[in-house]
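A closer look at the structure
Below are the chains, spelled out letter by letter.
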Amino acid sequence: MRSCSFLFLLVLLPLNYFAQINGTVKSSLNNEPIYGAKIESSEGHSILSNIDGLFQIRPVNYPISLTISIEGFLNDSLVIYGDTTITLQMVKSVEKIENVVVSASRRRQKVEEVPISMEIIRPELINNKGLTNLEQVLDQTPGAFVMDGQVSIRGGGGYAYGAGSRVLALWNGIPLNSPDIGDIKWNAIPLEQTSQIEVVKGASSVLYGSGALNGTISMIEKEPTAEGDLKVKFQSGIYGNPRRESLKWWKDTIPTSHLAEVYFGKQIKNFGMTIGGQGFYDLGYRKRETEWRGRINGSFSYRIPKHRLKFGLSYNFQYQFMGLFILWRSAEEAYESDNISEQRSIRGNIDPYVKYIDKQGNIHTFRTRYYMVSTGNSELLFTAAKSQMIYLDYNFQKLWGKRFELTTGITNTNNSIKSTVFGDHRSLNVAAYVQGTAKFGRFDITGGARFEFIQMDTLAPDSRMKITDSLVSPIYPILRAGAHYALTEATHLRASIGQAIRFPAVAERFVATSNGAVVIVPSPNITAETGWSAEIGVKQLFKIKDWKAYVDVAAFVNQYKNMVEFNFGVFNPHNFDHLDVIGANPNQEDLDTLSSLYDQGFSLSQLIGFQAQNTERARITGIELSMGCSGKIKGVEISSMIGYTYMNPVNLNKDPKYTYYSSDSSNILKYRFRHLVKGDIEVTYKNISLGASTRFNSYIRNIDKIFEVELPDGTYALPGLYDYRHSHMKGNLVFDLRLGYKLKDKFRFGFIINNLFNREYEGRPGDIQAPRNFILQLQYDII
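Owing to the predicted nature of the structure, the values given are computational and were not obtained by experimental measurement.

We now examine the pairing of strand β23 (residues 363-375). Of the pairings in the sheet, the one linking strand β22 (residues 341-357) to β23 comprises nine bridges and is antiparallel in character. Opposite Tyr 356, over in β23, you have His 364 as the bridge partner. Between the end of β22 and the start of β23, which pair antiparallel, lie five residues, with Gly 361 showing a positive phi angle near 85°. Pairing of β23 with strand β24 (residues 385-400), which is carried by 13 bridges, proceeds in the antiparallel orientation. Bridged to Val 373 within β24 is Ser 387.

Turning our attention to the nonpolar core. Judged by nonpolar contacts, the single largest core of 64 residues is most densely connected at Trp 328, Phe 422, Phe 566, Val 570, Phe 610 and Phe 707. Listed by contribution, the elements that provide at least two residues to this core are β11 (144-147), α5 (506-510), β35 (547-571), α6 (588-599), β37 (608-633) and α9 (721-726). Top element by residues in this core is β35. It accounts for seven residues. Excluding residues within four positions of it along the chain, Trp 328 makes contact with Glu 333, Ala 334, Glu 336, Leu 718, Pro 719, Gly 720, Leu 721, Tyr 724, Gly 766 and Ile 768. Ranked by size, the runner-up nonpolar core spans 29 residues in total, among them Ile 126, Val 151, Tyr 371 and Met 641.

Let us look at the confidence of the model for the chain. Mean pLDDT over the chain works out to 86, with 92% of the residues at or above the 70 mark. Strand β42 (residues 747-754) holds the highest mean pLDDT among the elements of the chain, 97, whereas helix α1 (residues 2-17) holds the lowest, 44. The model gives residues 1-17 a pLDDT under 50, and that stretch makes four contacts with residues more than four places away or in other chains. In this model residues 94-98 is a low-confidence stretch, pLDDT under 50, and it forms 13 contacts with partners more than four residues away in sequence or in other chains.

This paragraph deals with the side chain of Thr 365. Here Thr 365 is to be found in strand β23. Excluding residues within four positions of it along the chain, Thr 365 makes contact with Val 354, Lys 355, Asp 393, Tyr 394 and Asn 395.

To continue, consider the sheet that holds strand β7 (residues 84-90). A sheet is described by the order of its strands in space; here three strands give the open sequence β4-β1-β7, paired in mixed fashion. The open sheet is flanked by β4 (54-57) and β7, the only strands paired with a single partner. Across the sheet, the mean angle separating the axes of adjacent strands is 25° when strand polarity is ignored. Bridge analysis of strand β1 (residues 21-27) against β7 gives seven bridges, and the strand direction is parallel. Bridged to Val 25 within β7 is Leu 88.

This part takes up the pattern of salt bridges. Tallied over the full model, the rule gives 38 salt bridges. Notably, a salt bridge pairs Arg 329 with Asp 338, separated by 3.1 Å at the nearest N-O pair. Judged by its relative accessible area of 58%, Asp 338 is exposed. Of the charged contacts, one joins Arg 369 and Asp 351 as a salt bridge, the two residues approaching to 2.7 Å between their closest N and O atoms. Of this pair, Arg 369 sits in strand β23 while Asp 351 is found in strand β22, placing the two residues 18 residues apart along the sequence. For the pair Arg 369 and Asp 351, one class covers both residues: buried. The network of salt bridges with shared partners includes Glu 119, Arg 154, Lys 201, Arg 494, Glu 535, Lys 539, Asp 552 and Glu 624.

What follows covers the pairing of β35. With 20 of its 25 residues buried, β35 lies for the most part within the structure. Bridging between strand β34 (residues 529-544) and β35 involves 15 bridges; their strand directions are antiparallel. Following the sheet pairing, Lys 539 is matched in β35 by Asp 552. Where β34 hands over to β35, the hairpin turn is made up of two residues, of which Lys 545 adopts a positive phi near 55°. Looking at chain direction, β35 and β37 are connected through 22 bridges and run antiparallel. Residue Met 563 lies in a different strand from β37, and its bridge partner there is Glu 616. As judged from the two bridges shared by β35 and strand β36 (residues 578-579), these two strands associate in the antiparallel manner. Paired with Phe 571 across the strands is His 578, a residue of β36. Hairpin geometry of β35 and β36 is characterised by an intervening segment of six residues between the two adjacent antiparallel strands and by a positive phi of about 65° at Phe 576.

Turning next to unusual backbone geometry. In the segment running from Tyr 62 into Pro 63, the intervening peptide bond is cis, with an omega of -5°. We note that Asp 148 has phi near 50°; this positive angle belongs to a residue other than glycine. Secondary-structure assignment places Asp 148 in the loop between β11 and β12 (150-153). One non-glycine residue with positive phi stands out, namely Asn 562, at about 60°. Summarising the element assignment, Asn 562 is placed in strand β35.

A separate point is the packing of aromatic side chains. As enumerated under the stated definition, the model contains 14 aromatic pairs in all. Pairing Phe 610 with Phe 707 gives two aromatic rings, centres 5.7 Å apart and planes at 20°, and the pair type is stacked. On the criterion of sequence distance, the pair formed by Phe 610 in strand β37 and Phe 707 in the loop between β40 (688-697) and α9 is long-range, its members being 97 residues apart. With a relative accessible area of 3%, Phe 610 lands in the buried category. Judged by its relative accessible area of 7%, Phe 707 falls in the buried class.

The next subject is a positive patch on the surface. A cluster of like positive charges, contributed by Lys 561, Arg 617, Arg 619 and Lys 654, occupies part of the molecular surface. Within the secondary structure, Arg 617 sits in strand β37.

With respect to the secondary-structure elements, Lys 222 resides in the loop between β16 (215-221) and β17 (229-239). Here Lys 222 occupies a buried position and makes no salt bridge, while the nearest side chain of opposite charge, Asp 229, is found at 5.3 Å. Here Glu 192 takes part through its backbone oxygen, which lies 3.2 Å from a polar atom of the side chain of Lys 222. If we skip the residues at most four places from it in the chain, Lys 222 touches Glu 192, Gln 193, Thr 194, Ser 195, Lys 231, Tyr 263 and Thr 274.

Basis of the calculations
Residues numbered from 1 in each chain as written. Predicted model: local features only at pLDDT ≥ 70, side-chain atom pairs only at ≥ 80, totals over all residues. Heavy atoms only, no water. Pairing = 2+ DSSP bridges. Helix = DSSP H or I, 4+ residues; strand = E, 2+ residues; numbered from the N terminus. Core = buried A, V, L, I, M, F, W, Y, C linked by side-chain atoms within 4.5 Å. Buried < 20%, exposed > 50% of the residue type's maximum accessible area, 1.4 Å probe, protein only. Contact = heavy atoms within 4.5 Å. pLDDT = per-residue confidence, 0-100. Axes fitted to C-alpha atoms, helices over the stretch in contact; angles between N-to-C directions. Salt bridge = Lys/Arg side-chain N within 4 Å of Asp/Glu carboxyl O. Phe/Tyr/Trp six-rings, centres within 6.5 Å; stacked < 30°, edge-to-face > 60°. Patch = residues over 30% accessible without salt bridge, like charges linked within 9 Å, V, L, I, M, F, W, Y side chains within 5 Å. Areas by Shrake-Rupley, 256 points an atom, 1.4 Å probe, with all protein chains shown as cover. Lys, Arg positive; Asp, Glu negative; His and termini not counted. Charge placed at Lys NZ, Arg CZ, Asp CG, Glu CD. Polar contact = N/O pair within 3.5 Å; in protein donor to acceptor, adjacent residues only side chain to side chain.

Right, dumping it as structure tokens:
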């Protein structure tokens, strides 16, 4: 009897051993295999689909239940009754609040798992508000503020006359700040081609390098779909009359603006393509500040699934004309200027890339970019400058199960500038970076490092770091660490600290120009800015049926050293040295130099101006509260994005001459404020939507004193500014309103009122913003 039982087991065991389920996980959109889908069985199996979407399970008994899940797709489940081969079609998730982001770690992850604060801007907000460039988008973003083209996140930036930026713009993970000035070309970013904008708040230099001292703005390009996607938008606007009659310069012609925009994308088997374009014209609410531009952009891609290979190319080209308004004529004629300059220019980039996934599931990505920016006058494109950037980046990502992830790579950037304003210059920037994440249940930690080398022309490397008195390294290291803990499924704690560095832009170092009464002096000896940022925060998620929301609270500190700011002073025109001749205790040697310059025929008005200097040590502490929601409550769809930021921007300089040139004797940093509020909400019922937004910033107490006082020659840089500022000390509060109607799920008609109550307010001192204006809009969207 025992021998019969033993024989039965010998027969049965092999049968169970060979029981097998073979499966393939694919996307229902384009039938592409899905890598990394998690398949869990009722018997406790848990595996991931491979690069071809394949998986295999050996059950002990039938029937068996399988559950399949992956970020970005709806979960699926089924019951299997015997050996079989199956194909699972996963459906894309449309739940907007479960945001997946890329820029924080160069990989896909849920926003609540990111150990640093960030905001996500959706195309719906951009389209429905009628925003025409990225600067306007940032003006709606909690914690961010744009002052005359220069962006500041949590008070990290002030105003530097257009040169340099402590925030790095990224398109598909590649830096997009200009090679010469180091600024962001806001109106050249193809919003029509953008699927998502991610704003990271805090130092991000480990992954993205110089310029990410204060944060990043990352634009993710739209991917074509198998169904195809066509979007068209037209809008026309008109400026109303300002509150003060003296500001109204137009008589017979009322200033208007017009925009036409299109996007089309289609995936046909393994070939994908997108194409978009925009035409824009704005007469301007300020006299002669006309702007018109035209651009075309798109992408091509091709996949070879058999070899796990994808390669493609993105492109964007823009031609534009602008009237540049810098200084008002007076406080009474603030929409007019005697120093308007006309500029024609082109911006263009071509981005080839290759992506390969090897047999072990490791991801290899090679991205490149050629980026060209010109600055010309009303007749020629390259009168002032032609700047070119060639960028190369190799990125490697490895995943060990669901616990360990590694991102590493190397970048190379070559810049070439030819300019009558800055001179001709070249720079080389090489960096290696690594970042890893380890997950232990609900807890995960992230750590990273970057090693940066940069040299301009034949100067000493900007990245040099003193180790000892006799030992200097040409490579500068940067470190970063972060942690996230899921206290519950809906409650997420985070903490992070990261170093950052920003190397001087060519314009900050070599610019020599003037705009009316403002003279800019070269500063060839400035060095890199350094700093670090840290924060702790908690994000709480809520869900009521189809409605989801979150509340996020963070406390932060940003510490900076050698910050570059343009400071007013008297300068030697032969070597651009600052002459300490103003104040109670002038330097006698500098006084002698000044006397010699007088003897050479120079006047004082020819010697004073602004120069980029490493003068500022600063600490910015604060708290931030942000809230958002998306979804339906009893048939009413509600979406919102609200944020309040309190900042304490403190100047740590002990030199009394620093405050001597400031308009305020307190220790608050120049061109900063303490309170910032941003809010937007849209409510949709059936085919009708109503939206409102608000922006508030408190009074900017401290600016450059020179803008409020009489110059030595008896003139004023900004006539009337002192009286104007001291009669407008309540800060800026602005409301916008919009109404939309959707017809047959394809057409959307919109009516938008910006600056609803016709508030007169400044962006930077002396830069009064637009009066109330009205926009009519038509959107067409078909899939």
